[in-house]
Amino acid sequence: MARVICVTSGKGGVGKTTITANLGTALACLGQKVCVIDADYGLRNLDIPLGLSSRLNYDISDFMAGRCGLHQVIIPDKRLSNLSFVSCTASADHHEDPGLFRDVVHYIAHNYDYVLIDSPAGIESGFRNASYAADEAIIVTTPNRTALQDADRVIGLLGDLIDSPPQLIVNMSDDPAERDLNLEDIVNILNIGLIGVIRMDVDIIRSVARGIPIALDPEQESGRRFRQIAQNLITNEQERIFSEKPQKKRKHLFSFTKGLWWGQSNSV
Ligand SMILES: Nc1ncnc2c1ncn2[C@@H]1O[C@H](COP(=O)(O)OP(=O)(O)O)[C@@H](O)[C@H]1O
Ligand SMILES: [Mg+2]
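Residues numbered from 1 in each chain as written. Chains lettered and ligands numbered in written order. Predicted model: local features only at pLDDT ≥ 70, side-chain atom pairs only at ≥ 80, totals over all residues.

Undergrad: Honestly, unusual backbone geometry in this entry has me stumped. Any pointers?
TA: Across residues other than glycine, the phi torsion is negative in most instances, and most of the peptide bonds are trans. With phi around 50°, M172 is a residue other than glycine that occupies positive phi space. Examined against the element boundaries, M172 turns out to sit in the loop between β7 (167-171) and α8 (183-190). By the C-beta count within 10 Å, which is 26 here, M172 ends up buried. Of note, N236 is a non-glycine position whose phi angle comes to about 55°, a positive value. By the secondary structure assignment, N236 is in the loop between α10 (221-235) and α11 (253-258). (Helix = DSSP H or I, 4+ residues; strand = E, 2+ residues; numbered from the N terminus. Buried ≥ 20, exposed ≤ 12 C-beta atoms within 10 Å, placed from the backbone.)

Here is the structure:
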């Protein structure tokens, strides 16, 4: 039975879909059997970073309505035999029964090590649907105050939906347009375990456009980072925030303080 993990945030545009696609790919690259599920009803787009848009014939709602078999909904990735993808409907006015969605997700989960659910933005029915189906949650935030406030709200709501404590990924960590807070502040405010940090990276944008997850390429820095997050997830380890380099002299306190900001410590 898989670990069923929803990737959620509250705020849109922080990178949930990009992270679901790449974390799923990275887990598969590390030998795990993975299924990634798009639960963003109406605005589904997980097929794009995975490069699987042309192969969408049926979605999970078709299966629930008896219009197709499960084997027609689960799309195997051609690059990684242990990675599969399930889409949801693009119909905007469709509301899934959370209990039924959860049952189907758990049925699928029997054949995998990891099921990652890409949650929609917001805290309405779509968010609850995705969270209700999951046993664990990954919160994605950028270092932006609005994103952080939404993440904090989501963490509060998840307390009623998921027993295990959520884990944190900070995305676009060094984006000057997003960077209101440093990493230490974010971890202290949200008070959950950090499993990874992804930088603003034009190669990620290019990889999404090409439909080739950057996690496939360990030569790319972001590819390595996604694999490190996957490794942290597998081994239940957290990401270090600070450089462990010893500080030589007290007079370097200022530069040490600077090192708490992104882009200046080893881990971010
Ligand atoms: N680390 C990153 N560096 C650069 N662009 C990113 C990064 N993460 C996500 N993006 C881009 O940001 C946009 C929103 O990402 P997306 O994953 O769709 O967010 P969400 O699913 O939270 O709405 C996409 O165009 C994506 O390519
Ligand atoms: Mg999304």
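Next, the rest of the story.
Undergrad: Please explain the UniProt feature "binding site: ATP" (unreviewed entry) in the chain as it appears in this structure.
TA: Under the present numbering, the feature "binding site: ATP" (unreviewed entry) in UniProt falls on K11, G12, G13, V14, G15, K16, T17 and T18. You can see G13 is positioned in the loop between β1 (3-8) and α1 (16-29). C-beta crowding within 10 Å serves as the criterion here: with 12 such atoms nearby, G13 is assigned to the exposed category. The class of T18 is buried, set by 27 C-beta atoms lying within 10 Å. Among all residues touching T18, those that are not within four sequence positions of it are P49, I204 and V208. (UniProt positions renumbered as here; feature names shortened; annotations may be inferred. Contact = placed C-beta atoms within 7 Å.)

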